[in-house]
Amino acid sequence: MNRIKYFLLLGTLFIMNNISAQTVVKMDMPEQADEPLNVVALFDEELPEGIQVVLGLMGYEVEGGTTPYLFEWLLNGEVISTTDIAVFTPGKGDDLTLKVIDNNKCRATTSFNLKVASIPGTDSEDKDDIKIYPTIVNEYIHFEFPSSNGDKAWMRIFDINGKLIQENYLSESMDINIGLISGTYFVSLKIGDRNKVQKIIAQ
């Protein structure tokens, strides 16, 4: 009997010595968000067709989730940027989408309602009877257009992010004091069914 107890004890010690010890590692839980991740499109201005646009932080808002965020911009299903801004040349029917991923891998998506104004008229007559100059601006921009039908011209100035900065209706050709801070802008002048867009640099 003592011999049986000896072998049982020896076997128990052998098994205990060969069982791998389990290590418990305490892992930090990811930071929990106070609110769910959400991204909202704010930009809703008309864009000139064929003119490069930079859409940045003024055009959308990210709420909730946990920082830092990752960004993915898609134009017609193709990735065009993985930063917080997108540079693209809008065309009619384009589909622009922004996907945001937070630090917990939560995702949110928003689509932009792109309203793209075509620039009709390709012959020299259409180009010549609507004028916007100079392109390097200190104070004034000269707008020249035909007004034989009594139509007013719709003048708009966009910043490089596509945000509408200034707009006026002009009844005749004139100089406008724009009062812009230094930078690059796009000036649109639309009369009737024709529209001209000019890139300017304010100094």
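As the structure is a computational prediction, the values presented were derived from the model and not from experiment.

Help me understand the packing of aromatic side chains, please; the structure alone is not making it clear to me.
Working definition: an aromatic ring pair is given by the centre-to-centre distance plus the angle between the planes. Taken as a whole, this structure holds 4 aromatic pairs when the rule is applied. Ring geometry for W73 and F112: centres 5.7 Å apart, planes at 25°, overall stacked. Of the two residues, W73 sits in strand β5 (residues 70-75) while F112 sits in strand β9 (residues 107-112), which places them 39 residues apart along the sequence. Among the residues examined, W73 registers a relative accessible area of 0% and is labelled buried. Overall, F112 belongs to the buried group, its relative accessible area being 5%. Lying over the aromatic face of W154, R156 brings its terminal NZ or CZ to 3.9 Å of the ring centre.

Explain the pairing of strand β15 (residues 164-170) here, please?
Two faces, one strand: in a regular strand the side chains alternate between the faces of the sheet. Pairing of strand β14 (residues 153-159) with β15, which is carried by 6 bridges, proceeds in the antiparallel orientation. The partner of I157 across the bridge, within β15, is Q166. With antiparallel pairing between neighbouring strands as the criterion, β14 and β15 make up a hairpin whose turn holds 4 residues, including G162 at a positive phi of roughly 85°.

Which parts of the structure should I look at to understand the pattern of salt bridges?
Between side chains of opposite charge, a pair can form as their charged atoms come close. Tallying each qualifying case throughout the model produces 3 salt bridges. Between R156 and E46 there is a salt bridge; the shortest N-O distance is 2.9 Å. Here E46 lies in strand β2 (residues 46-48) and R156 lies in strand β14, a separation of 110 residues in the sequence. Between D129 and R194 there is a salt bridge, and its shortest N-O distance comes to 2.6 Å. Note that D129 is positioned in the loop between α2 (124-128) and β11 (131-133) and R194 in strand β18 (residues 194-202), a separation of 65 residues in sequence. Taking the relative accessible area as the measure of exposure, D129 reaches 23% and is therefore partly exposed.

Rules and cut-offs
- Residues numbered from 1 in each chain as written.
- Predicted model: local features only at pLDDT ≥ 70, side-chain atom pairs only at ≥ 80, totals over all residues.
- Heavy atoms only, no water.
- Phe/Tyr/Trp six-rings, centres within 6.5 Å; stacked < 30°, edge-to-face > 60°.
- Helix = DSSP H or I, 4+ residues; strand = E, 2+ residues; numbered from the N terminus.
- Buried < 20%, exposed > 50% of the residue type's maximum accessible area, 1.4 Å probe, protein only.
- Lys NZ or Arg CZ within 6 Å of the ring centre and 35° of its normal.
- Pairing = 2+ DSSP bridges.
- Salt bridge = Lys/Arg side-chain N within 4 Å of Asp/Glu carboxyl O.

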